[in-house]
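Architecture at a glance
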Amino acid sequence: MNDLHVAVTGLHAADNPAPGIGVIRSLKAAGDWNGTIIGLAYDVYDTGIYDPDLLDATYLVPYPNQGMDEVFARLMYVHEQARIDVLIPTLDSELGLYRKLASRLREAGIRMFIPDDEMMRARAKSNLVQFCEENGIPTPDTFVLRELGSLDDAIEKIGYPLWVKGVFYDAYLCRTRDDVLRSVEKLRVTWGLPVLLQRSISGEEFDVCALAKRGELVGALPIRKTRVTEKGKAWAAVSLRNPELAELSAKTLSALGWSGPCELEIMQEARTKKLYLLEINPRFPAWIYLGAGAEQNLPRVLLELALGNEVEPLPPAKSGVGFVRHATDLICPLAYLEALTVGGELHHPGTHRRQS
Amino acid sequence: MAVKFTNDVTLSKSGFLFDHASGQTYTLNPTGQFIFRLLEQGEESERVLPQIVAEFNVSESTARKDLDDFLRQLHELGITE
């Protein structure tokens, strides 16, 4: 991996950490890493900027809603300054934009390995039930509420307790009609309709981070979260060896013809032991660094796929490897803030700048 | 009859038991470890009983109660069928 320049987004690791830092640490943990990491930050206080030895350079980039051309122009500036060989977007909210920019970026010499629009649509929360039904994949009963007049029909169909979920973020467990009304309204105001009503499965939740190419699994890392935050984000977890999880993951990604990284959220019902697919997130999870310890360094493999190289599927992940997330304080040099605020970029010690 | 394990499990020397499929962990006391290792080797539960009596110098009724309790817990936890 000679002098590869990799740009990564999602550098803010607060109570709901973005995956970028885990992706970068995974790349740097690979034995053959000899490249340059370019952080693409949205804010001068994105926490990863201040993590010593993580980044070679940081550039502020516009938020996706500021427009495709603005983002593209900024990426081209970064490319001229620092050269980007591979770009790894790690946030759900960016993927649509990067999908649209893929061909322009490729022409400029910037490669990515992300799912296409059709795959993204099929796994969208509002379409997942249909996809699962068509492909014989178990998922909890779900009602896609597109207008408020159908609310009582939805409640009758799903029954209590049920989850009210936004199509992008947030979920609330509801046990009464009043709970449902409040939750639907909260989500409608924030994200708009549709809102999903989903049967609550009582049991154990598992996650699988996977990387696939045209529906074939290249690697998979199943985990059980052993500590979670109030929002259900993993604060500690352990890797598993579970053939049933592997089978469900392979079947799902094959049916999607998936290319790219993803995180599958799976629930095992306590009473029946049956597995249900809850969600598919189309990017690496924030806990991806665990893979570096569990012989499943998926970001490292993604680089090969982005570059168009052939890759053999990895052997199964090593089970019984755990992680604990550790929140700490980083010293935040004023010069960093100054450089980013005034110039929009920061060159950490040892930066490789493109020679003209 | 030999006890059949449902999941892939590993018992360390310290008595720490890890279920590779579920990620659950348990701690076994010395009696539990002794029984578990015999079951793991495919020993039938009836043949485990006299070995508990001999190893821990307890009566057969005490050993049987401990063995039955332990087997029930393994089953309830989904570790054995």
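Residues numbered from 1 in each chain as written. Chains lettered and ligands numbered in written order. Predicted model: local features only at pLDDT ≥ 70, side-chain atom pairs only at ≥ 80, totals over all residues. Heavy atoms only, no water.

1. Overview of the nonpolar core
Residues and elements named next belong to chain A.
- Counting 44 residues, the largest nonpolar core has Val 6, Leu 27, Ile 88, Leu 221 and Leu 303 as its most contacted members.
- When residues are assigned to domains, this core turns out to be shared by domain 1 (2-112 + 328-347) and domain 3 (202-324), each giving three or more.
- Every residue in contact with Ile 88, bar those within four places of it in the chain, is listed here: Val 6, Ala 7, Val 8, Thr 9, Val 23, Leu 27, Leu 302 and Leu 303.
- One finds Tyr 42, Leu 75, Leu 101 and Ala 102 within the second-largest nonpolar core, a separate group that totals 27 residues. (Core = buried A, V, L, I, M, F, W, Y, C linked by side-chain atoms within 4.5 Å. Buried < 20%, exposed > 50% of the residue type's maximum accessible area, 1.4 Å probe, protein only. Domains from an automatic or database assignment. Contact = heavy atoms within 4.5 Å.)

2. Let's talk about the domain arrangement of chain A
Residues and elements named next belong to chain A.
- Considered domain by domain, chain A is made up of domain 1 (2-112 + 328-347), domain 2 (141-199) and domain 3 (202-324).
- Just the C-alpha atoms count here: the centres of domain 1 and domain 3 sit 24 Å apart.
- If you look at the interface, domain 1 gives 23 residues, while domain 3 gives 18 residues.
- When domain 1 packs against domain 3, the two sides together hide about 1,900 Å² of surface, and 68% of this comes from carbon and sulfur.
- Seen at the junction of domain 1 and domain 3, the total is two salt bridges. (Buried area = accessible area lost by both parts, 1.4 Å probe. Salt bridge = Lys/Arg side-chain N within 4 Å of Asp/Glu carboxyl O.)

3. Description of unusual backbone geometry
All names here are of chain A.
- Each neighbour pair has its own omega, and for Tyr 160 with Pro 161 the value is -10°, a cis peptide bond.
- Cis geometry is adopted by the peptide bond preceding Pro 194, which originates at Leu 193 and carries an omega value of 5°.
- When you line up the elements, Pro 194 lands in the loop between α7 (177-191) and β8 (195-199).
- One non-glycine residue, Glu 295, adopts positive backbone phi at about 55°.
- Structurally, Glu 295 is set in the loop between α9 (290-293) and α10 (298-306). (Helix = DSSP H or I, 4+ residues; strand = E, 2+ residues; numbered from the N terminus.)

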